[in-house]
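Residues per chain, in single letters:
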Amino acid sequence: MATRKQRAPVQYVQLDGLVVLKLIKHCQEEGAGGTDLVQGVLLGLVVDNRLEITNCFPFPRHSEDQEDFNEVQYQMEMMRNLRHVNIDHLHVGWYQSTYFGTFINRPLIDSQYNYQDSIEESVVLIYDPLKTTQGFLSVKAYRLTPAMMKFHSENDFTTENITKHGMTFDKMFEEIPVVTKNSHLVNSLLCNLEEKDKEADKFNFLDLATSSMLQKNLRQLMECVDATTMDINKYLNCQRQIMRQQQAKQQYLQKRQQDNAMRAQRGEPPLPEEDLNKLFKPLQSPPRLDCLLYSGQIDNYCQQISSFSTQSLGKLFMAESLQNDGQSN
Amino acid sequence: MSRFFKAGSDSESETESSEDDEIIQQRPSAAPVQSRTFQFSDDEDDSRRIVRSAKDKRFDEMTNIIQQMKNHKQIKDMANVLNDFEALIKAADKAKKVIQEEGVPRFFIRCLFDLEEYANECWEDKEWRKSISKNNSKSFTSLRQKLKKYIREKYEKEVNDYKENPDHGDDDKRDETPAPQDEESEDEVDTPVKAPVKPKLPAPPVIKKQLPKSMDDDDDDDDDIDWDSSDDSVESDIDDEQFDTGKLTAEYFLKKSDSGTSKKEKKRKEPKQMKLEETDEEGDWEEVKGGAPLIMERPKMFGKDQEINVDAVLKKLYEITSARGKKGTDRNEQIELLKELREIAETNNLGLGIDVKLYFNIIGAIFDYNPNTLTSMRNDVWESCLSYLQTLLNILIDHPEVNVGEHIKEDDENLTEAPLYVRGCFLTLVEKMDEEFTKMLQSCDAHSTEYVERLQDERQVCDILEKTLRYLEIKGTTLEISRIYLKRIEHLYYKFDTSCVYTGDNEPKKEGTSEQTMDKLCKFLYTSETPDRLRTRAILCHIYHHALHNRWFQARDLMLMSHLQDNIGHSDIPTQLLYNRTLVQLGLCAFRQGNIRDAHNALVDIQSSNRAKELLAQGLLPNRQNERTPEQEKIEKRRLFPYHMHINLELLECVYLVSAMLLEIPFMAAHEMDVRRRMISKNFHHVMKMSERQTLIGPPESMREHVVAASKSMKTGDWKACKNFIINDKMNAKVWDLFFQPDKVRDMITVKIQEESLRTYLFTYSNVYDTLSLHTLAEMFELDMSVVHRIISKMIINEELMASLAEPTQTVIMHRTEPSRLQSLALQLSDKFLTLVENNERILEVKQGIYPFQNKRDRNDRQPGTSAAFQHHTQGVVEGEGYGPPTSKSVTNNQHWNRRNNKNYSRESRNY
């Protein structure tokens, strides 16, 4: 373990074509066209500063009434079987599909924390099936930053702790570049396929279907903003209460002082000190992790929207100039 | 026992001889009465002869117990009385044999009888029962029960016999007492009525023989009984005296000073007292004794030979009035007495002063007649009250030399000489009368002829008010004048006077209309030094009157200038109710004048709570959350306005709904695309929703259904259908004909419906048109071209309609400027971000130590333009739990209304 820790962390993720295909297949078959989430286990190996992901298998879907189903058991079984056929069987992370980039949430953080806690180099692959259908393969690898790991391990999400760790929404995850690697054989096959491809299909990515995508993104963004607003309101109320309590406390203390002064004048012993914390129980400030997550999510949406619009704008400009060209011709 | 020896020696010797005979007599008869006599003699014997053994002892025992009981009874120590009684029963049981042989001893029966009476007496004295300790009362009840049972089971007959013939016992006692018991002599002395000694005395020797069983007991009992009775009589005597002296105080002496008459009176009163005691529910006999005698004495006021002069009459008056308010005082009687006294005074020509004073007292007594504030007067009493008031008023007016007033002290009264001074406030009487009048109206069914009959008295009441007003204008202080003015106003403001509604400006103003009267009275109140409450009420009445007579601008300006909206919440509840009434009337006036928005604003708060009835004090609504206590209900009932002052609630609701429809339908059409819909009138939406929920919607029946149906057709711009729903025979009968000039109102509504339908039509269907001809529109809505032009121009200016007018072709050209879905989403998002940023800022402000929560509202106001505008239009109604203090919401509403109106006001004043 010690040696592994000293080693430079994983710099990039090398993804096998097989994994990508399996991922897409899993999503297509079980994810109901991308709206349902699918998850699976990544297998691979750390080599130097890269994490090679060479295989994966999905978590089976099981309905709620199959409570006796043991996931861990299944995983162990699966990996043992894979080892028998001489495939990489080291657990290096997990993958999850997403719908319009909605993935930054509490369960993801928790499970990723667990992964990273037990297997340091493990990552989570986020696959966006919708984008893929539009011609952009979107697979991203994330892991929690060391700061986030430390923060999460304390399991204390109060404001104080957040400030102590200097935690912000953009410091929670770090994205690791992903490289897809195929065998030469596959590459040559691909080249072959490309040549056979029809001309029209090649320019699928130039599609200008802007609004529906943006609309959906906006809607989700709005939901997120609403949630954040609610969270902030909660926090605000709490602050207000704390303030009120503090006032009451101060009044109480002043009164106490006056009373004691009076008593001293009369030669009576001062009133016994009472535990202020008992009188004024410190209020629990709401955990702020959700807010952080929402912010992260909003950030994510914004990035998506901006990248999407940049691309769309680029396409538009291109289309415009093409049109002009066509007209001038 | 030793006493007996001393005293008894003589008697014994005498008696012994006769004993034998008696025994003989007694045996055959065996009647209880007789047996007693023997017993008595036994006692005497016992006392002397210690030898007498068990039987004598038992009787002694019993007598002792009875004596003790007597003492305890005197101090009403029920626990001990109970103990004594139980001991007595035991003793009687022991002496059973003797009793069987001798018959029941008389003294024992008497004791039982007395005890029973005593118990009953105490039982009726509820107050006493309440006051005693728990322990005591417990033992008292058990005593009573045991006693009853005991008597019923064993000695019913004997006790009844005794009841019929109680004197025997007394006699017996006397016989016994003088001889043997010196100590008891005090008691015996008190019993004066007893008959001479009977021959039974000689019995003692016999007893010896018979004794073994009954005699002992009997003797003892008898003795006891004697004491009891005597004691009781003493007690009652003392009581009487005490009460007389203690309670009557001055009056009591007064009577005496009246010499002969008073004594007679007293005697006459006594039997009546007794009756009263019995009849009085409370059973509070002690008090009755005090209060009753004074009033009850009716037959003659003065002795025949007595000189009737002012002083005598005054004394008498004082005597009568001092019984006022006491329990058991017969109020009717008192009134009669006073009347009689007045007649006597009149026949004896005692002068105006006395007359006036007596009138005051009579009227006061009449008002006192009902002890309960809730119940109203009886009709005849009321009528007499009115007539008395009028007479008094006439006297006062005719004789300006008579001065009356509260400020005149009793001592300063001058009832005989020229500048007469009489204590008493006529204005108070008038006010009281007015109150009573309202109460009477409240108490009778509003739909009965009785109500109408009562209402006819309104004329008289007003008459009295007016006369009083004229009288006070000469004589009264400013405050008094203000008060009577206000009373007059309050009887004037809600009455519709056709003569003062302008039909046109050129018509000459008539004189003496209620408008001018109101104006005069109110202006006096505004300018003079009057308490705020009077002034507030005057203003409200004035506004109401203006509004009632379609003087919308005066009414509104007065409302705005008075700034009543700010602080009406601090005034008393009747004034708040008046404010609500005024506001409603203002709304109705605005509606009649075609100011739909104003009408809506004025009515919205009353209507939105669904408690219009309660807010206008026209009836009680069942309170869902918390049941009213009976007191609360009483109080609220007393606040209700009499029926003839009611504002028709259906009319009110209809006006509100129609104005809401005229505002809301175009508004809804214009803002169909908005994400967050805002409502102008929640109540209207509620009504609409309710009708949508129905599975089957038939042709409209009720007023509400009519409005709903009209709204639905207006939504599609079908103005004709809309008009027909709003204005038809049914609605005319229900609503519109209730207005003063229904045709004018109907015309106004029709025009409004046409205009608003046009607007709705444009909002709803503008997106299907590229251009629209003004001619077509004018034809469709049967409006003038100019009107259509005006409406469309206004909409364009207000940016409600994205279009432009093409003059040459007379068309409206639509511009497509509807935002796309994405755009509207982006707008929403920006809205949301704004709130987010704001919230965030607030957190920051807290961190910086500024305490910023106060200015939160301001910020909200500046945010969404529409909502702010909407808020400005809400206005305040005073509402609260059961007319209680207004809720904070209504206060803020008040502020809005105020703010808006200030704006309006300044704007309009510029226009003028």
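Residues numbered from 1 in each chain as written. Chains lettered and ligands numbered in written order. Predicted model: local features only at pLDDT ≥ 70, side-chain atom pairs only at ≥ 80, totals over all residues. Heavy atoms only, no water.

(A) Inspection of the overall build of chain B at higher detail. From N to C terminus, chain B includes 41 helices and five strands. For chain B, the residues scored as buried account for 51% of the 912 residues in total. Here the analysis covers contacts within chain B between residues at least 6 apart in sequence; of these, 73% occur between residues at least 24 apart. Summed over all atoms, the accessible surface of chain B reaches about 43,900 Å², with 51% contributed by carbon and sulfur. (Helix = DSSP H or I, 4+ residues; strand = E, 2+ residues; numbered from the N terminus. Buried < 20%, exposed > 50% of the residue type's maximum accessible area, 1.4 Å probe, protein only. Contact = heavy atoms within 4.5 Å. Areas by Shrake-Rupley, 256 points an atom, 1.4 Å probe, with all protein chains shown as cover.)

(B) Geometry of the pattern of salt bridges. All names here are of chain A. Evaluated as defined, the whole model comprises 29 salt bridges over all chains. With its nearest N and O atoms 2.8 Å apart, the salt bridge here joins Arg143 to Glu174. Separated by 31 residues along the polypeptide, Arg143 in strand β6 (residues 139-144) and Glu174 in strand β7 (residues 173-176) bring together distant segments of the chain. In this structure, Glu154 and Lys164 form a salt bridge, with 3.8 Å as the shortest nitrogen-oxygen distance. In this pair, Glu154 is assigned in helix α6 (residues 146-154) and Lys164 in helix α7 (residues 159-165), connecting sequence segments 10 residues apart. By relative accessible area, Lys164 is classed as exposed at 61%. (Salt bridge = Lys/Arg side-chain N within 4 Å of Asp/Glu carboxyl O.)

(C) Molecular detail of unusual backbone geometry. Residue and element names in this part refer to chain B. You will see that Asn550, though not glycine, has its phi angle at about 65 degrees, which is positive. Structurally, the position occupied by Asn550 is in the loop between α23 (532-548) and α24 (552-562). Residue Asn550 is classed as buried on the basis of its relative accessible area, which comes to 19%.

(D) Structural detail: the nonpolar core. Residue and element names in this part refer to chain B. If you look at the biggest cluster of nonpolar residues, it comprises 155 residues, and the most contacted ones within it are Phe591, Met661, Ile726 and Trp736. If we ignore the near neighbours within four places in the chain, the residues touching Trp736 are Phe591, Cys654, Val658, Ile726, Ile727, Met731, Pro742, Val745, Arg746 and Ile749. Leu112, Cys122, Ile132 and Leu143 belong to the second-largest nonpolar core, a separate cluster that totals 36 residues. (Core = buried A, V, L, I, M, F, W, Y, C linked by side-chain atoms within 4.5 Å.)

(E) How the structure looks around the interface of chain A and chain B. Listed as interface residues are 18 residues of chain A and, on the opposing side, 18 residues of chain B. Surface buried jointly by chain A and chain B totals about 1,900 Å² across both partners, of which 75% is contributed by carbon and sulfur atoms. The interface formed by chain A and chain B contains one salt bridge. Close ionic contact of Lys832(B) with Asp226(A) constitutes a salt bridge, the shortest N to O distance being 3.0 Å. (Buried area = accessible area lost by both parts, 1.4 Å probe.)

(F) Representation of the sheet that holds strand β8 (residues 178-181) of chain A. Residue and element names in this part refer to chain A. A sheet is described by the order of its strands in space; here eight strands give the open sequence β7-β6-β5-β4-β2-β3-β1-β8, paired in mixed fashion. The open sheet is flanked by β7 and β8, the only strands paired with a single partner. Strand-to-strand twist in this sheet, taken as the mean axis angle between neighbours without regard to direction, amounts to 35 degrees. Sheet strands in contact with helix α3 (residues 71-84) are β2 (39-47), β3 (50-58) and β4 (91-97), and its direction is about 110 degrees off that of β3. (Pairing = 2+ DSSP bridges. Axes fitted to C-alpha atoms, helices over the stretch in contact; angles between N-to-C directions.)

(G) Representation of the environment of Ala446(B) within the structure. All names here are of chain B. As for its placement among the helices and strands, Ala446 is situated in the loop between α19 (426-443) and α20 (449-475). C-alpha separation for the pair Ala446 and Pro642, spaced 196 residues apart in sequence, amounts to 8.0 Å. Here Ala446 is in contact with Tyr451 and Tyr643, once residues within four sequence places are set aside.

(H) Structural view of the side chain of Asn580(B). By the element assignment, Asn580(B) lies in helix α26 (residues 573-592). For Asn580(B), the side chain forms a polar contact with the main-chain oxygen of Leu615(B), separated by 3.1 Å. (Polar contact = N/O pair within 3.5 Å; in protein donor to acceptor, adjacent residues only side chain to side chain.)

(I) Molecular detail of the packing of aromatic side chains. Residues and elements named next belong to chain B. Applying the stated rule across the entire model yields 17 aromatic pairs over all chains. Plain terms: the ring middles of Tyr485 and Phe524 are 4.8 Å apart, the flat faces sit at 65 degrees to each other, and that makes the pair edge-to-face. In this pair, Tyr485 is assigned in helix α21 (residues 478-490) and Phe524 in helix α22 (residues 514-527), connecting sequence segments 39 residues apart. Seen from their ring centres, Phe496 and Phe740 are 4.8 Å apart, and the 55 degrees between their planes marks the pair as tilted. Of the two residues, Phe496 is situated in the loop between α21 and α22 and Phe740 in the loop between α34 (729-734) and α35 (742-765); the sequence distance between them amounts to 244 residues. Owing to a relative accessible area of 36%, Phe496 belongs among the partly exposed residues under this scheme. A relative accessible area of 31% means that Phe740 is categorised as partly exposed. (Phe/Tyr/Trp six-rings, centres within 6.5 Å; stacked < 30°, edge-to-face > 60°.)

(J) Examining the packing of helix α6 (residues 106-124) of chain B against helix α8 (residues 134-164) of chain B more closely. Residue and element names in this part refer to chain B. Where α6 meets α8, the closest approach of the two axes is 9 Å, and the angle between their N-to-C directions is 135 degrees. Regarding the angle of α6 to α8, the classification is oblique. Crossing hand, α6 versus α8: left-handed. Across the interface between the two elements, Arg106, Phe108, Ile109, Arg110, Leu112, Phe113, Leu115, Glu116, Ala119, Asn120, Cys122 and Trp123 from α6 touch Phe140, Thr141, Leu143, Arg144, Leu147, Tyr150, Ile151, Tyr155, Glu158, Val159, Tyr162 and Lys163 from α8. (Parallel < 35°, antiparallel > 145°, perpendicular 65-115°, else oblique. Left-handed = near helix turned anticlockwise from the far one by under 90°.)

(K) Expanded view of the pairing of β2(A). Residues and elements named next belong to chain A. Sheet analysis places β2 next to β4, joined by five bridges and oriented antiparallel. Each bridged residue has a counterpart across the sheet, and for Gly40 the counterpart in β4 is Tyr95. In terms of strand pairing, β2 meets β3 through eight bridges, oriented antiparallel. Its bridge partner being in β3, Leu43 is matched across the sheet by Asn55. Here β2 folds back onto β3 in antiparallel fashion, the turn holding two residues, of which Asp48 has a positive phi close to 50 degrees.

(L) Local environment of the packing of helix α17 (residues 352-368) of chain B against α19(B). All names here are of chain B. α19 packs onto α17 with a crossing angle of 30 degrees between their chain directions and a minimal axis gap of 11 Å. The angle between α17 and α19 falls in the class roughly parallel. In this structure, α17 crosses over α19, and the sense of that crossing is left-handed. Contacts from Phe360, Ile363 and Phe367 of α17 reach α19 at Phe426, Leu429, Lys432, Met433 and Glu436.

(M) Region of interest: helix α18 (residues 379-398) of chain B. Under the 1.5 Å per step criterion, the end-to-end length of α18(B) is 28 Å for 20 residues, consistent within 8% with the ideal 28 Å. Among the residues of α18(B), Val381(B), Trp382(B), Ser384(B), Cys385(B), Leu386(B), Tyr388(B), Leu389(B), Gln390(B), Leu392(B), Leu393(B), Ile395(B) and Leu396(B) are the ones counted as buried. (Expected span 1.5 Å × (residues − 1).)

(N) Expanded view of the environment of Glu52(A). Residues and elements named next belong to chain A. Position of Glu52 among the secondary structure elements: in strand β3. You can call Glu52 buried: its relative accessible area is 16%. Taking the C-alpha atoms as reference points, Glu52 and Val92, 40 residues apart in sequence, are found 8.8 Å from one another. For Glu52, the contacting residues outside a window of four places in its chain are Gln14, Leu43, Gly44, Leu45 and Val47.

(O) Expanded view of the sheet that holds strand β5 (residues 811-814) of chain B. Residue and element names in this part refer to chain B. Pairing within the open sheet is antiparallel, and its three strands lie in the order β3-β5-β4. Both outer strands of the open sheet, β3 (771-773) and β4 (803-806), are each paired with one neighbouring strand and no more. Put simply, the sheet's adjacent strands are angled 25 degrees from each other on average, direction ignored. The pairing of β3 with β5 spans three bridges and is classified as antiparallel. Among the inter-strand pairings, Leu772 is bridged to a residue of β5, identified as Val812. Here helix α37 (residues 785-797) sits on the sheet and contacts β4 and β5; the angle it forms with β4, its principal contact strand, is near 140 degrees.

Without other data, these values stay purely geometric and don't point to any function.
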